[in-house]
Amino acid sequence: MRDVADTLQPMTGKRRRVVIVGAGFGGLAAAKALKATPVDVVVVDRTNHHLFQPLLYQVATAALSATDIAVAARTLLRRQANTAMIMGEVTGVDHKRRCVILSDGSEICYDWLILATGAAYSFFGHPEWSREACVLKSLDDALDIRRRLLCAFEAAERAGPARTVAPTFVVVGGGPTGVEMAGALAEMTRQTLRREFRHTNPESARVILYEAGPRVLSAFPENLSAYAAQALAELGVEVRTGSAVEDIGEGRVRVGGETLETAVILWCAGVAARPAAEWLNVEAARNGAVVVGPDFAVAGHEGVYAIGDVCHYAVGDRPLPALAPVAKQQGRWVGRQIAAVAAGRRSSKTAFRYQDWGTMAVIGRSRAVAVLGGRHLRGVTAWLAWSLVHLMLLVDFRSRLTVYINWTWAWFTRGRGARLITGIRRRSG
């Protein structure tokens, strides 16, 4: 097979090579940690951009544009002379030959391999549900959801005065993504769109949040969970806890024996790691993540590391959460260990220690919950903290500036400036 990395500049074919699979938070942090190291770095990703996933729901609900939260990965890496970017999908790892295999059959050989492939949604043994339920993991997902949501109101308007009921939207999963999506969707229907239609009333649209557990935001303290449920109710969201989805079909969902017709089903429930553990034939956690130790090395595979959502690293009896700061810190730490060895130094004997930036979830305009340094915050204070942290986590100044401007405009006007419907294919002629 052809080693595609040998055709790239500045690849020399002589220096040792680090292959990083995934251009997310962890992968980019690892690449940047290797900037001044005498190795060739190859970053492989299915897309050509780095995506700020925590704000995807705002693209889906028309608050932000796709370019506000995504940056071309080549732009972020253009000043690293030892780093090349390849757009391709990794489908396996030949650990004996020390190569990753791409979907087109080509391969990239490595001396060190960092797997930062992230996670996807799990449908709990019902893959057929994915045909009807929308997930939120990519820009394509977010734009598809935005199109479906807005088209649901357009269809209601086109039906004319005879239609008295606005669309029903269902959100499955009461974690941070589900809560944020439900809150943003309720604000869009009740505030942004309320005066823009003549034959349908967007304010009468139903937003229903189903959570199988006893409360939303179960990873947060109970007082913050209760605040989030109350805030959602004030926005008009119907929060139904203890309600596990039994079936999903075309335009319907069944919960508790009741079948509900719905315009859009948004799946924000369980997640599963990408199949890196299968590629390596190693021990995996319940969600499919690669089980690693304090150095993030994969047992039995010299020079192979797993970081971010695709790894399972427990501190005590609890795994580290699937958050952007976790992936960034892991990527930076692993990159520095490889840099030390590549430069002929000993790797650090200091074990990885996660610096906890806190846990946050936003519910809507001036509503959020946060746990920072043991303190429980809610309301405007938590919302300001959430806004600041997310602005700082954006990878470039342009994104920070445009997001800040859009948020400021939306706060004062309650408007959403990205309500274009795209992606509809029409017959020509």
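Throughout, residues of each chain are indexed from 1 in the direction in which the sequence is written. Reporting of local features is limited, given that this is a predicted model, to residues whose pLDDT is at least 70; pairs of side-chain atoms are given and counted only at 80 or more, and all residues count toward the totals for whole chains, interfaces and linings. Note: side-chain values were computed over all heavy atoms of the structure, leaving out hydrogens and water.

**What to know about the sheet that holds strand β14 (residues 245–249)**
Here is step 1 of the chain: On the basis of which strands lie adjacent, the open sheet formed by three strands has the order β14-β15-β16 and antiparallel pairing. Strands at the two margins of the open sheet, each flanked by one partner only, are β14 and β16 (258–261). The mean angle between the axes of side-by-side strands here comes to 20 degrees, regardless of whether they run parallel or antiparallel. Strand pairing follows a simple DSSP-based rule, namely that at least 2 bridges must link the two strands. Counting from the N terminus, the helices are DSSP H or I runs at least four residues long and the strands are E runs at least two residues long. In this analysis, axes come from line fits to C-alpha atoms, helices being fitted only over the stretch in contact, and the angle between any two N-to-C directions falls in the range 0 to 180 degrees.

**Focus: the state of the cysteines**
Here is step 1 of the chain: Disulfide: a pair of cysteine sulfur atoms within 2.5 Å of each other. Inspection of the entire model under this criterion finds one disulfide.
Here is step 2 of the chain: Two residues, Cys-99 and Cys-109, share a disulfide whose sulfurs are 2.1 Å apart. Here the S-S torsion is close to 60 degrees, and the disulfide linking Cys-99 with Cys-109 is therefore right-handed. With Cys-99 in strand β7 (residues 99–102) and Cys-109 in strand β8 (residues 107–109), this pair connects stretches of sequence that are 10 residues apart.
Here is step 3 of the chain: Here Cys-134 stays unpaired: no disulfide links it, and the sulfur of Cys-268, its closest cysteine neighbor, is 9.7 Å away.

**Examining the pattern of salt bridges**
Here is step 1 of the chain: Should a side-chain nitrogen of Lys or Arg be within 4 Å of a carboxyl oxygen of Asp or Glu, the pair is scored as a salt bridge. Considering all chains together, one arrives at 15 salt bridges under this definition.
Here is step 2 of the chain: The salt bridge partner of Asp-144 is Arg-148, with a shortest N-O separation of 2.9 Å. Linking Asp-144 with Arg-148, this pair stays in helix α4 (residues 139–158), spanning four residues, or about one helical turn.
Here is step 3 of the chain: Working definition: with a 1.4 Å probe on protein chains only, accessible area under 20% of the residue-type maximum means buried, over 50% means exposed, and in between means partly exposed. Taking the relative accessible area as the measure of exposure, Arg-148 reaches 35% and is therefore partly exposed.
Here is step 4 of the chain: Across the pair Arg-240 and Glu-258 runs a salt bridge, and its minimum N-O distance is 3.9 Å. Of the two residues, Arg-240 is situated in strand β13 (residues 237–241) and Glu-258 in strand β16; the sequence distance between them amounts to 18 residues.
Here is step 5 of the chain: Several salt bridges converge on common partners, so that one network encompasses Arg-206, Glu-238, Arg-240 and Glu-258.

**Brief notes about helix α10 (residues 397–413)**
Here is step 1 of the chain: End to end, α10 covers 24 Å across 17 residues, agreeing with the expected 24 Å (1.5 Å per residue, within 8%).
Here is step 2 of the chain: Every buried residue belonging to α10 is among Ser-399, Val-403 and Trp-407, and all of these are buried. Buried residues along α10 cover an arc of 55 degrees about the axis, so they all sit on one side. Seen from the open side of α10, the exposed residues pointing more than 90 degrees away from its buried face are Phe-397 and Phe-412. Residue count minus one, scaled by 1.5 Å, sets the expected span of a helix. Arc definition: directions from the helix axis to the C-beta atoms.

**Describing a nonpolar patch on the surface**
Here is step 1 of the chain: Patch membership is restricted to residues that have no salt bridge and whose relative accessible area is over 30%. Joining uses 9 Å for like charges and 5 Å for the nonpolar side chains Val, Leu, Ile, Met, Phe, Trp and Tyr. Per-residue accessibility takes into account occlusion by the displayed protein chains alone, with areas from the Shrake-Rupley method and a 1.4 Å probe. A cluster of nonpolar residues, Phe-397, Leu-401, Tyr-404 and Ile-405, forms a patch on the protein surface that exposes about 450 Å² of accessible area.
Here is step 2 of the chain: Its place among the elements puts Phe-397 in helix α10.

**Considerations on empty space enclosed by the protein**
Here is step 1 of the chain: A 1.4 Å probe that fits but cannot get out identifies a cavity on a 1 Å grid over protein atoms alone, an open set with protein on both sides within 12 Å along at least five of seven lines counts as a pocket, and a residue lines either if it has an atom within 4 Å of a point. Grid points are joined across faces, edges and corners, and a volume is the space filled by probe spheres set on the points. Taken as a whole and judged by the stated rule, the model has two cavities of 30 Å³ or more.
Here is step 2 of the chain: The wall of the largest cavity is formed by 24 residues, among which Gln-58, Glu-187, Arg-365, Ala-410 and Arg-416 lie closest to the centre.
Here is step 3 of the chain: Broken down by secondary-structure element, the contributors of at least two residues to the lining of the largest cavity are α2 (56–60), α5 (176–192), β24 (359–364), α9 (380–393) and α10.
Here is step 4 of the chain: The element that contributes the greatest number of residues to the lining of the largest cavity is α5, accounting for six residues.
Here is step 5 of the chain: Partitioning the lining of the largest cavity into residue classes produces 10 nonpolar, nine polar and five charged.
Here is step 6 of the chain: The calculated volume of the second largest cavity comes to roughly 40 Å³.
Here is step 7 of the chain: Together, His-50, Phe-52, Ile-69, Ala-70, Val-71, Leu-394, Val-395, Asp-396 and Ser-399 line the second largest cavity. Ten residue types, Ala, Val, Leu, Ile, Met, Phe, Trp, Tyr, Cys and Pro, are classed as nonpolar, four, Asp, Glu, Lys and Arg, as charged, and the remainder, Gly among them, as polar.

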